[in-house]
Amino acid sequence: MMNDVSRIPLLSVSGLTVQFETADGPFQAVEDLTFEMHERERVAVVGESGSGKSMTMRSILRLVPRPGRIVSGDIHFAGKDVLRMRAKQMMALRGSEIALIFQDPMSSWNPVRTIGAQIREAMTLHSKVKPQAIRARAIELLKHVGISSPEKRVDAYPHEFSGGMRQRGMIGMGLANHPRLLIADEPTTALDVTVQDQVIRLLRDVNSVHGTALLVVTHNLALVASLCDRVIVMYAGRVVEQGTTEQIFNDPQHPYTWGLLKSVPRMDHAAGELLYGIPGQPIDPSLRLQGCRFQPRCAFREPRCEKEEPALEAVGENHLARCWVTMKCVDRAAAVIVEQATS
Ligand SMILES: Nc1ncnc2c1ncn2[C@@H]1O[C@H](COP(=O)(O)OP(=O)(O)O)[C@@H](O)[C@H]1O
Ligand code: SF4
Ligand SMILES: [Mg+2]
């Protein structure tokens, strides 16, 4: 039945626009962005730097940094209207129902307080755990995220933890109040390859054991393939494609997604992560393009692409793409030649 509670999406973002005032006038970092996710789902958000991924994640918790602001759209979490919540409800949502993990775990910890004190604080703010049980629970959480000797390490300071331990500790703190949604913004970017694997395994466990839904921002396609059921592809503030992981990897329909997947991975040694790049200029926020935002880099563009922006439309079951042409209608081999000739 339509009123079945389980059918209410866990998270629903609709028409979200985040704007910055700049010297050249208003700039939309996120524009008319719409997506949904359900309880227990594992969704990846991919797209190159500057595509608006972090602003989208921050919007969900109303943490867009000034001078940016949400100028239109709706965000509902479990049916509740996030943009109209009062401060108290918002605090409960942030600490208890949704956990947000950032790329740089060092900047998220307070350097002058112990790891345990910070986990305990997160718990006492929101949970009903008795004071005597709180230290034990903090130790249990550290153990759960794979920190060895948690009884000792609970009294350590953030600088005494390695980068990977800090990130796992942050996930542990995020889990303190059993959130229904864990948002991780590039959780593995600053970590080396073996630690990345541990974090991915941990996120998978969190989802399967606790049923926590995952919304993971990443440009690590291996992480997407191994962890997520569904993928949202963003470009220049827009969703340009979304579908199941299988659809996105095996049958991408937007030329940007296609380019992202066929581009050659290179190892960024500093970050120890696979990064993918596609030809052409990266996103230039100062370009206020008419029509499709991807046209300066698209090998398949047609005259109408420069005039009118395509809508996000169904290209298969639960598969959407924002393109006038779509990959099923083009000669991919010819496109490779065009690219080579113009590069
Ligand atoms: N303080 C700011 N002033 C103006 N523009 C900003 C500011 N912060 C971010 N932006 C713009 O918002 C856009 C999206 O940023 P972000 O969400 O961080 O991208 P991503 O996480 O995908 O790399 C970027 O193109 C950036 O230029
Ligand atoms: S709408 Fe046109 S320019 Fe944009 S991605 Fe599709 S083919 Fe390329
Ligand atoms: Mg970001």
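Per an unreviewed UniProt entry, the recorded name for the chain is Oligopeptide transport system ATP-binding protein, and the organism is Caballeronia udeis. Per UniProt, the chain has the following entry under Sequence similarities (unreviewed entry): "Belongs to the ABC transporter superfamily." The UniProt entry for the chain carries this comment under Subcellular location (unreviewed entry): "Cell inner membrane".

Trainee: Is there a simple way to explain unusual backbone geometry in this structure?
Mentor: Residue Pro-67 is reached from Arg-66 by a cis peptide bond, and omega for that bond is 10°. Among the secondary structure elements, Pro-67 is positioned in the loop between helix H1 (53–60) and strand S4 (69–77). A positive phi angle, near 50°, is found at Asp-32, a position not held by glycine. Its identity as a non-glycine residue notwithstanding, Ala-236 has a phi of 45°, on the positive side. Within the secondary structure, Ala-236 sits in the loop between strand S9 (230–235) and strand S10 (238–244).

Trainee: Sorry if this is basic, but what is going on with the site of ligand 1 here?
Mentor: Every one of the 13 residues lining ligand 1 counts as a neighbour, but Gly-50, Gly-52, Lys-53, Ser-54 and Met-55 are closest to it. A distance of 2.7 Å separates an oxygen atom of ligand 1 from a polar backbone atom of Gly-50. In this structure, an oxygen atom belonging to ligand 1 sits 2.9 Å away from a main-chain N or O atom of Met-55. About the coverage of ligand 1: the protein hides 70% of its 570 Å² of free accessible area. When residues in the shell around ligand 1 are grouped by element, the largest group, three residues, is from H1.

Trainee: What am I meant to see in helix H8 (residues 193–210) here?
Mentor: Note: α-helices contain 3.6 residues per turn, so residues at a spacing of three or four share the same orientation. Along its 18 residues, H8 runs 26 Å from first to last C-alpha, staying within 8% of the 26 Å computed at 1.5 Å per residue. Buried residues of H8: Val-195, Gln-196, Val-199, Ile-200, Leu-202, Leu-203, Val-206 and Asn-207, and no others. Take H8 and look down its axis: the buried residues cluster within an arc of 160°, on one side only. Of the exposed residues in H8, the ones pointing more than 90 degrees away from its buried face are Thr-194 and Val-209. Directly beyond the C-terminal end of H8, a positive phi value near 75° is found at Gly-211.

Trainee: Explain the site of ligand 2 to me, please; I cannot follow it from the model alone.
Mentor: Near ligand 2, the surroundings consist of 13 residues, among which Cys-292, Cys-298, Cys-305, Cys-323 and Trp-324 are the closest. Looking at side-chain class alone, the shell around ligand 2 contains ten nonpolar, two polar and one charged residues.

Trainee: Looking at this model, I keep getting lost on the sheet that holds S4. Mind explaining?
Mentor: Consider a sheet: its strands pair through backbone hydrogen bonds, and that pairing is either parallel or antiparallel. Pairing is antiparallel across the open sheet formed by four strands, whose spatial order is S2-S1-S4-S5. Of all strands in the sheet, those bounded by a partner on one side alone are strand S2 (25–37) and strand S5 (80–81). In this sheet, S2 lies alongside strand S1 (residues 11–22) in antiparallel orientation, the contact comprising nine bridges. Opposite Ser-12, over in S2, you have Glu-36 as the bridge partner.

Trainee: Would you take a moment to explain the pattern of salt bridges for this structure?
Mentor: It is possible for side chains of opposite charge to pair when their charged atoms get near one another. Counted according to the given criterion, the structure contains 16 salt bridges. With a closest N to O distance of 2.8 Å, Arg-238 and Glu-31 form a salt bridge. Here Arg-238, found in strand S10, pairs with Glu-31, found in strand S2; they are 207 residues apart in sequence, far enough to count as distant. In terms of burial, Arg-238 and Glu-31 fall into one category: buried. Residue Glu-31 is joined to Arg-293 by a salt bridge in which the shortest nitrogen-to-oxygen separation is 3.3 Å. Taken together, the positions of Glu-31 in strand S2 and Arg-293 in the loop between strand S12 (273–275) and strand S13 (313–316) put the pair 262 residues apart, joining distant regions of the chain. The partly exposed category is assigned to Arg-293, whose relative accessible area is 21%. Beyond isolated ion pairs, a larger network of salt bridges with shared partners links Glu-31, Arg-238, Arg-293 and Glu-309.

What counts, and where the lines are drawn
Residues numbered from 1 in each chain as written. Chains lettered and ligands numbered in written order. Predicted model: local features only at pLDDT ≥ 70, side-chain atom pairs only at ≥ 80, totals over all residues. Heavy atoms only, no water. UniProt positions renumbered as here; feature names shortened; annotations may be inferred. Helix = DSSP H or I, 4+ residues; strand = E, 2+ residues; numbered from the N terminus. Near = heavy atom within 4 Å. Polar contact = N/O pair within 3.5 Å; in protein donor to acceptor, adjacent residues only side chain to side chain. Areas by Shrake-Rupley, 256 points an atom, 1.4 Å probe, with all protein chains shown as cover. Expected span 1.5 Å × (residues − 1). Buried < 20%, exposed > 50% of the residue type's maximum accessible area, 1.4 Å probe, protein only. Arc of directions from axis to C-beta. Nonpolar A, V, L, I, M, F, W, Y, C, P; charged D, E, K, R; others polar. Pairing = 2+ DSSP bridges. Salt bridge = Lys/Arg side-chain N within 4 Å of Asp/Glu carboxyl O.

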